[in-house]
Amino acid sequence: MVDLTLEIRKTAKELLEKGEAKVVLGWEKGNFPYSTTPVFIDKPEDTERLIWDEYCINNLALYMLDYKHLDGKVGIFVKGCDSRGINRLVQDKQLDREKVILIGLSCPGMKDEKKAKELGPNADIPMAQKCQDCRYPDPVVYDVFLGEKQNKKVPEKIDTSDVEEMETKSPDEKYRFFTTNYEKCLRCYACRNVCPACNCKECIFDQTATGWLAKANNVSNNMFFALTRAMHVGGRCIECGECERVCSVNIPIMLLNKKIIKDINFLFGDYDAGLETEERLPLGGYDYTDPEEFM
Amino acid sequence: MLVVLKAKLKDILNTLAEEYKVLVPAKIEDTSKFISYKDNVDIILDENVKLSPKDVFFPQTEKMYKMKTVKTSMELENITDEAGKKLLFGVRSCDMKSLDCFDQVFLTKGYIDEFYKNKRDSVVTIALSCSQPMQTCFCSAMGVDSQKAVGADVQAYDLGDKIGLEAISDEGSKVIELIKGQLTEEGAEVPQPGEFYLKVDADGVSEKLNGMFESPIWDDVSKKCLNCGACTYVCPTCHCFDISQEVRGENVTKYRCWDSCMFGEYTQMAGGHNPRPTKKERVRNRFMHKLNYFPDRYNMLLCTGCGRCINVCPVNLDITSVIKQIKEAE
Amino acid sequence: MCENCSCGNDHNHDHDHDQNVLIPQRGKIINIVEETSDTKTFSISTIDDKKPFDPQPGQLGMLSLGNVGEAIFSVTNKGENHIEMAIKAVGELTNALHEVEVGQEVGIRGAYGNGFPLDFCKGKDLLFIGGGIGLAPVRSLIMHCIRNRDDYGKLTVIYGARSKADLCFKEDLFENWPKVPNMDVFVTIDREEEGWDGHVGFVPSYVEELALKPQVTVVCGPPIMIKFTLPGLQKMGYADTDIITTLEMRMKCGVGKCGRCNIGSKYVCLDGPVFTLAEMKDLPQEY
């Protein structure tokens, strides 16, 4: 991996010194060799905290929601997935593109933090699942680019082999699979809160007084949450895999998201969310040519 | 010391299962937690479980009582807890300490929480010492002895390929009595625990926090927080709950369930006012509660150094870093 | 310390230690008084016509409607076989409560919280300041003082609401309390209004205008009113220990377990809701 840490610091420092950005979002080292943590730099001298290594896995885009009302610009380092997250927010009218300075970084694929924890310091750590599945390691939008694009050869279409495998199972097997997984869901909402597509000002699941979803933790409530969320991000999910990465009980959340992506691709034509900001979302409107056999 | 080969552990558990409902730390569905012992469960002894045993005493969702509401009438019906003694095998010192915290909350200050008490009274504990701390562990910094748990009925020691057992309470002696025939007496040394990876110095942190409510560190600490409840739900000491009801026509079941101070709705009042409106106030409350409010109220920290929050935090908001920041703050 | 048992609570209360504190008693609404367009006072007995619990002035009770939910309210008064709660319709449960009629069965549990420091108030001249529904917690103390009239000095009430229609406890304000020996009642509304020849103006300025100097003042109302009343009282020379108020937080259990009503290390349900200004100054500003 090309060490761009010094360049990152220099770029951030310049943005802050020149007053072009009020704050710069990046990653700093965590307490473990395999951990990094998002960092928010607003003083040029603090840019020394910024790093770039194979564990800068967090998608930083969603933090832009916290800076909606900032008077000034935000600099943010973006990998492929972060940049798609930015497009996501811009397209959802949650973010003014003019208010962000995107500093692009080509992502070699980040390592799996959980595996690193398990395997110990000397092991060969595999790439995180979300990065193995990634088809856009280079940022799809940026203002400045650091290092060189890898133009890595990536599959043209989303790999939905796991979805297809699930589709071959019997209804009972599917039911068992999903109930087993959602029985253990803690409803901590980490998946929702880390998601750049989950940007509603007030989430339906927080409106507890309405009775949409009871707080009681049981498999039916948990699945209602999971399915509703999956449908709600349908056509908007940028496949960054953050939901699945952060799940504290390892629920294969992307399987649901990918199933919906697969269906959308089939019904409305291939669509990769977060590549641009102008086109209408596949589920954001209708055409006379839309299939309607299911209606 | 009375010892048993780890390879023969299941024999002992089988014997105990005749007397108790035995719960063991086990791998299950790509996570790990305490589950009912069966011959085929995948018991884990080399590390602590990912989900704390708090749900044994304080289930994530617990039915409290029922009501039947017909027109203007309302009848109440109690729900009785499942009867029978439980035995919790292999609880680490950090999680035993969390029960000590729970006891303070649920059993003192004038009111006894009967739901908790019933469960607490029905559980016998076999604590297990740790030979090698996990990377995220920092119990010693929180005043917890990984080799000797507080409040255990039996203390078990990890002796490599064997487990040593020592009765602590009367209840513990009864447990040992049941399995005595399967144990052998050996002169065993309790091994020194391995080094902690995380170096944490929490001395004086509670006192230091007394004047830090308005400190700028809370802006800094909270920025990366997503306000999800992962840390609070895996935490063995987080005990906050909500009370709600499931309505099915005339039949209402009142339940309580885990809640999290990370959620905005937690302190949202009916009139619209929220005293903790943003993540800054919520994150501050969480750490103040653990490190200052709770010590002030109950004279003990509300953190046992189990490291689970560090393990699950989506953004690596690490309590040991927060402690360091508090200590270094001006 | 609690004298009724060895529970270690730092105040008296009469809870039954065999009773599961989180399970309510079966109660019923025996009377409803419409105070204003959005506030009603409910009288609640147990199903067998007994007082659900014997609250001290300022203490709280949990009231529930089976299929809606449960919430905590201050007890505004008690009678031989009932307690009273004045409830403003602001949320799901309170709106539902406003729909019910006399005879409705409810869940009721309590009494929770510390209540007003009666021993401290004894023998002293007391000034009660209330705004809107904020008179509700104070009313329990006023009624207590009236019932034990000889134990207390002069009683003065300053009360205000947005309009005439928003005044709670009108019968007390205009009929009952003015007749009590050595008791004055001053009422104000925010804006001029036809048919109102009383005082017009906000409570904080009325308090300063009247410049009364009883020994202890009890002030309850919306946070904004308290915020603007306190400096005036301090200017008038009240010590922080002589200014008493009540605080509100969201509550679920009422008994210091569920966690959410903390202000710093104090739980409002258990250590409050009554705090002196001196005590409040030790709390973080997070309410």
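1. Remarks on the domain arrangement of chain A
Residues and elements named next belong to chain A. The domain boundaries assigned to chain A delineate domain 1 (5-146) and domain 2 (161-268). Domain 1 and domain 2 are separated by 25 Å when their C-alpha centres are compared. Interface of domain 1 and domain 2: buried area, both sides summed, is about 1,500 Å²; carbon and sulfur atoms make up 47% of it. The interface formed by domain 1 and domain 2 includes five salt bridges. The residue Arg-236 makes a salt bridge to Asp-92 at a minimum N-O spacing of 2.5 Å. Along the lines of polarity and charge, the residues of the side of domain 1 that touches domain 2 split into five nonpolar, five polar and eight charged.

2. Some thoughts on the environment of Met269(B)
Tracing the sequence through the fold places Met269(B) in the loop between strand E13 (251-258) and helix H9 (279-298). The class for Met269(B) is buried, based on a relative accessible area of 15%. If we ignore the near neighbours within four places in the chain, the residues touching Met269(B) are Pro275(B), Glu248(C), Met249(C) and Arg250(C).

3. Considerations on the sheet that holds strand E6 (residues 73-78) of chain B
All names here are of chain B. An order of E6-E5-E13-E12 is seen for the four strands of this open sheet, with the pairing classed as antiparallel. Every other strand in the sheet has two partners, leaving E6 and strand E12 (241-248) as the edge strands with one partner each. Shown here is a sheet whose adjacent strand axes are inclined to one another by a mean of 25 degrees, direction ignored. Bridge count between strand E5 (residues 61-70) and E6: six bridges; the pairing is antiparallel. Along E6, the bridge assignment pairs Tyr-65 with Asn-78. Strand contacts of helix H4 (residues 114-121): E5 and E13, with the helix running at about 135 degrees to E5, the strand carrying the most contacts.

4. Side note on the state of the cysteines
Applying the stated criterion to the full structure yields zero disulfides over all chains. With no disulfide of its own, Cys235(B) lies 3.7 Å from the sulfur of Cys238(B), the closest cysteine sulfur. Using a relative accessible area of 7% as the deciding quantity, one classes Cys235(B) as buried. The thiol of Cys253(C) is not disulfide-bonded; the next cysteine sulfur, from Cys258(C), is found 3.9 Å away.

5. Describing the sheet that holds strand E12 (residues 243-246) of chain C
Residue and element names in this part refer to chain C. Sheet architecture is open: seven strands sit in the order E10-E9-E8-E7-E11-E12-E15, paired in mixed fashion. On the outer flanks of this sheet lie strand E10 (199-200) and strand E15 (274-276), each paired with one strand and no other. Pairing of strand E8 (residues 155-161) with strand E9 (residues 183-189) involves seven bridges; the strand directions are parallel. Bridging across to E9, Leu-155 finds its partner in Met-183. Sitting on the sheet, helix H3 (residues 135-147) touches strand E7 (126-131), E8, E9, strand E11 (216-220) and E12, and the angle it makes with E7 is about 150 degrees.

6. Considering the packing of aromatic side chains
Residues and elements named next belong to chain B. Following the criterion strictly, the structure yields 26 aromatic pairs over all chains and no others. Judged by centre distance (5.8 Å) and plane angle (85 degrees), the ring pair of Phe-58 and Phe-102 falls under edge-to-face. With Phe-58 in the loop between helix H2 (54-57) and E5 and Phe-102 in helix H3 (residues 93-107), this residue pair connects regions lying 44 residues apart in the sequence. The exposure class assigned to Phe-58 is buried, which follows from its relative accessible area of 1%.

7. Some points on the environment of Ile261(A)
All names here are of chain A. As for its position among the elements, Ile-261 is in helix H10 (residues 253-268). When the C-alpha positions of Ile-261 and Ile-238 are compared, they lie 9.7 Å apart, and in sequence the two are 23 residues distant. If we skip the residues at most four places from it in the chain, Ile-261 touches Ile-158, Cys-237 and Glu-239.

8. Examining the packing of H3(B) against H4(B)
A pair of packed helices is captured by two measures, namely the crossing angle of their axes and the spacing between those axes. All names here are of chain B. At a closest axis distance of 9 Å, the pairing of H3 and H4 adopts a crossing angle of 140 degrees. Put simply, H3 runs oblique to H4. Relative to H4, H3 is oriented so that their crossing is left-handed. Between H3 and H4, the residues in contact are Leu-99, Phe-102, Asp-103, Phe-106 and Leu-107 and Tyr-116, Lys-117 and Arg-120, respectively.

9. Details of the pairing of strand E2 (residues 36-41) of chain A
All names here are of chain A. By the criterion of burial, E2 is predominantly enclosed, with six of the six residues buried. Because side chains alternate across E2, one face comprises the buried residues Thr-36, Pro-38 and Phe-40, and the other comprises Thr-37, Val-39 and Ile-41, equally buried. Note that strand E1 (residues 23-29) and E2 share six bridges and pair antiparallel. Directly across from Trp-27, in E2, lies its bridge partner Pro-38. Turn length for the E1-E2 hairpin, with the two strands adjacent in sequence and antiparallel, is six residues.

10. Overview of the interface of chain C and chain B
Counting from both sides, the interface comprises 49 residues of chain C and, opposite them, 52 residues of chain B. Counting each side, the surface lost to burial between chain C and chain B is near 4,100 Å², with a carbon and sulfur contribution of 54%. The largest contributions to the chain C side of the interface with chain B come from Arg250(C), Lys257(C) and Glu286(C), which together make up 18% of the buried area. Our enumeration of links across chain C and chain B arrives at seven salt bridges. Note that Glu286(C) is salt-bridged to Arg284(B), the shortest N-O span being 3.2 Å. On the surface where chain C and chain B come into contact, there are 24 residue pairs in polar contact (both at pLDDT 80 or more).

Calculation criteria
- Residues numbered from 1 in each chain as written.
- Chains lettered and ligands numbered in written order.
- Predicted model: local features only at pLDDT ≥ 70, side-chain atom pairs only at ≥ 80, totals over all residues.
- Heavy atoms only, no water.
- Domains from an automatic or database assignment.
- Buried area = accessible area lost by both parts, 1.4 Å probe.
- Salt bridge = Lys/Arg side-chain N within 4 Å of Asp/Glu carboxyl O.
- Nonpolar A, V, L, I, M, F, W, Y, C, P; charged D, E, K, R; others polar.
- Helix = DSSP H or I, 4+ residues; strand = E, 2+ residues; numbered from the N terminus.
- Buried < 20%, exposed > 50% of the residue type's maximum accessible area, 1.4 Å probe, protein only.
- Contact = heavy atoms within 4.5 Å.
- Pairing = 2+ DSSP bridges.
- Axes fitted to C-alpha atoms, helices over the stretch in contact; angles between N-to-C directions.
- Disulfide = S-S within 2.5 Å.
- Phe/Tyr/Trp six-rings, centres within 6.5 Å; stacked < 30°, edge-to-face > 60°.
- Parallel < 35°, antiparallel > 145°, perpendicular 65-115°, else oblique.
- Left-handed = near helix turned anticlockwise from the far one by under 90°.
- Polar contact = N/O pair within 3.5 Å; in protein donor to acceptor, adjacent residues only side chain to side chain.

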